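Working through the structure, step by step
Chain residues, written in single-letter form:
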Amino acid sequence: MIKEILKGLVITSKHLGRKPTTIEYPEVKKEMPPRFRGRHHLRRDENGLELCIGCHMCAVVCPADAIYLEAEDNTEEERHSGGERFARVYQIDYLRCIFCGFCVDACPTDALVMGKEYEMSSYQRKDFVYRKEILLDPLEQKTEVKAFYHNNGDTDNSSDSKLNEEKLKPKEGK
Ligand code: SF4
Ligand code: SF4
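Read on for a plain summary of the structure. Note that the structure is a prediction, hence the values are computed from the model and not measured.

1. Some thoughts on the site of ligand 1
Taken together, 13 residues lie around ligand 1, and Cys62, Cys97, Cys100, Phe102 and Cys103 are the ones closest in. Classifying every residue of the shell around ligand 1 gives 12 nonpolar, 1 polar and no charged.

Structure below.
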């Protein structure tokens, strides 16, 4: 019995001078690794237009059927995105999402990214359906992204591989 207590004290004393591995959450937030997949963001281009062109690729590849969107044509009077269409309705159900990132990989315009946010708990089921109003970055938050439609719809192999190369690079805030 005494032997076990002494053994325990020796182990405890070994850790006395060490830096703690725990943090004082929620006062102190953990810095997430660069490739962490948190909640999604819909980004804007350098002109403030939505990068999402409502192509449905993200919804098609989603294995959990978590993405719902309705696309609409842009008009001369009302332009939301740089492409022909935009997502009038866009929502992600985080009760279904498994944070696999397939949707981000499938997005041809780099509109959809996953951020670092992980604090998403709620007592209400409805709070887990994030609508476009929440997902879309604010107007002042612009991103310089080489999307295919910036090149008059040029989708030849060279621009595709360039886009893929850029996607593979770790990005700040992604
Ligand atoms: S991260 Fe995966 S599960 Fe979640 S919305 Fe994207 S494709 Fe669907
Ligand atoms: S987020 Fe990307 S993949 Fe999804 S509809 Fe918009 S442009 Fe298409």
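Continuing now.
2. Quick word on helix H1 (residues 2–15)
For H1, which comprises 14 residues, the first-to-last C-alpha distance of 20 Å matches the rise-based estimate of 20 Å (1.5 Å per residue) to within 8%. By the criterion of burial, H1 is predominantly exposed, with just 0 of the 14 residues buried.

3. Observations regarding the site of ligand 2
Among the 14 residues in the neighbourhood of ligand 2, the closest are listed as Cys52, Cys55, Met57, Cys58 and Cys107. Here the shell around ligand 2 is composed, by residue class, of 11 nonpolar, 3 polar and no charged.

4. Focus on unusual backbone geometry
Tyr25 connects to Pro26 through a cis peptide bond whose omega is 10 degrees. Within the fold, Pro26 resides in the loop between H1 and strand S1 (40–42). Despite not being glycine, Asp65 has its phi angle at roughly 55 degrees, a positive value. Along the chain, the position of Asp65 falls in the loop between helix H2 (57–61) and strand S2 (67–73). Look at Asp65 and you get exposed, because 10 C-beta atoms sit within 10 Å.

The rules behind the values
Residues numbered from 1 in each chain as written. Chains lettered and ligands numbered in written order. Predicted model: local features only at pLDDT ≥ 70, side-chain atom pairs only at ≥ 80, totals over all residues. Near = placed C-beta within 6 Å. Nonpolar A, V, L, I, M, F, W, Y, C, P; charged D, E, K, R; others polar. Helix = DSSP H or I, 4+ residues; strand = E, 2+ residues; numbered from the N terminus. Expected span 1.5 Å × (residues − 1). Buried ≥ 20, exposed ≤ 12 C-beta atoms within 10 Å, placed from the backbone.

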